[in-house]
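This is what each chain is made of:
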Amino acid sequence: MGDCTGESEAVPPAQRRVVVALDVGGTGMKCALVRPDGTVHHAERHPTRADRGPEAVLGTILDVAEGLARKARADGLEPVAAGVAVPGVVDEENGIAVWSSNVGFRDVPVRARIEERLGLPTILGHDVRVGGTAEARLGAGRAHRHVLFVAIGTGIAAALIVDGAGYGGAHGGAGELGHIVVRPGGPACPCGQHGCLESLGSARAIGLRYAELAGVPGATAHDVVTRAGQGDALARMVWREAIEALADGMVIAQALYDVGVFVIGGGLAEAGDALLGPLRSGVGERVTFHRVPEIVRAELGDNAGCIGAALLALDHLESV
Ligand SMILES: [Zn+2]
């Protein structure tokens, strides 16, 4: 070890390890250097600009990942792996983004392209599943072995995490809680069904419903929660109906999975107790013989995807 520099002697090699992590969404990319304990050394954001086409988006991912690896080295750290999360259908085994409509990916070999550019072992994960993994291991689900992470934003998706490992299903498509039908004959959903949970309980659906009934174009779920709190009868009705749909969906999920805790993330979770309070009562009232799960708010915020992608990349390193 005669060539050790002063800096590397000051910080033991194991503590210099970081993972290059990217959580790629339809609007933006959350990017970070994450330490093995899940803490974030450095974070940055970049627009996805999916309208440029998949090759340009992949080009940005490669440039950002390379820039993060360079930043790590400049800070005296050692990038040991890369973890990337994308939405949609993900073939985690082969590292292929099979279908991510809002990013524009179809059968894109993301993992191979990153490994080629960075020279680092890389994993490709599903955004909600990696976010759920982070919440289950380090966030709001850490006291439980069986966790259902439910992300409620523009859409609704869930991830079942057991003993810290996400369940992806036979085809990478598990957890589509947003597309279980809770109101047969209800509003049309882009998936082709009617009355999907996502078309009734997502932040987007709540805003649209109120906009339509109140004649307030552009109203958001945040507006609905605020107005409901101020006593606006229409906003209260829209909010109550959305919570009822969410509670119906969660009781179905609990019948299937029997988890210890539901960790609620995504934009709608920012409503805090205005969401969690009535959701807890709604689920409690509906459950008959099943055990009522705890219902808590996610703790890691919108860094959960990056942290989870980094954790999976570290798991992968240990398994090879
Ligand atoms: Zn649907």
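The preceding data block contains the structure.
Residues numbered from 1 in each chain as written. Predicted model: local features only at pLDDT ≥ 70, side-chain atom pairs only at ≥ 80, totals over all residues. Heavy atoms only, no water.

### Structural notes on the sheet that holds strand S7 (residues 105-108)
Spatially, three strands are ordered S5-S6-S7 in an open sheet, and the strand pairing comes out antiparallel. The outermost strands of the open sheet, each flanked by one partner alone, are strand S5 (89-91) and S7. Each adjacent strand pair in this sheet contributes to an overall mean axis angle of 15°, direction not counted. The sheet contact formed by strand S6 (residues 96-100) and S7 spans three bridges and is antiparallel. Among the inter-strand pairings, Ser100 is bridged to a residue of S7, identified as Phe105. (Pairing = 2+ DSSP bridges. Helix = DSSP H or I, 4+ residues; strand = E, 2+ residues; numbered from the N terminus. Axes fitted to C-alpha atoms, helices over the stretch in contact; angles between N-to-C directions.)

### Examining the pattern of salt bridges
For the structure on display, the rule yields 13 salt bridges. Residue Asp248 pairs with Arg183 through a salt bridge whose shortest N-O separation is 2.7 Å. With Asp248 in helix H8 (residues 233-257) and Arg183 in the loop between strand S11 (165-166) and helix H5 (198-201), the pair connects residues that are 65 residues apart, well separated along the chain. The partner of Arg286 in a salt bridge is Asp248, with the nearest N and O atoms 2.5 Å apart. With Arg286 in helix H9 (residues 273-286) and Asp248 in helix H8, the pair connects residues that are 38 residues apart, well separated along the chain. (Salt bridge = Lys/Arg side-chain N within 4 Å of Asp/Glu carboxyl O.)

### A short note on helix H7 (residues 221-229)
Considered for burial, the residues of H7 that qualify are Ala221, Val224, Val225 and Ala228. Looking straight down H7, one finds that the buried residues subtend no more than 95° of arc, so they occupy a single side. Trailing H7 by a residue or two, Gly231 shows a phi angle of about 95°, which is positive. (Buried < 20%, exposed > 50% of the residue type's maximum accessible area, 1.4 Å probe, protein only. Arc of directions from axis to C-beta.)

### Notes on the coordination of the zinc ion
Summarising the metal site, the zinc ion is bound by the protein donors His179 (ND1), Cys189 (SG), Cys191 (SG) and Cys196 (SG), whose distances to it range over 2.0 to 2.3 Å. Around the zinc ion sit four donor atoms, and with donor-metal-donor angles ranging over 104 to 122° the site reads as tetrahedral. Going along the chain, you hit the donors of the zinc ion in the pattern H-x9-C-x1-C-x4-C. By relative accessible area, which is 40% here, Cys191 ends up partly exposed. Given a relative accessible area of 0%, Cys196 falls into the buried group. (Donors = N, O, S within 2.8 Å, 3.2 Å for Na, K, Ca; no water. Tetrahedral: all angles 85-135°; square planar, octahedral: opposite > 155°, others 65-115°.)

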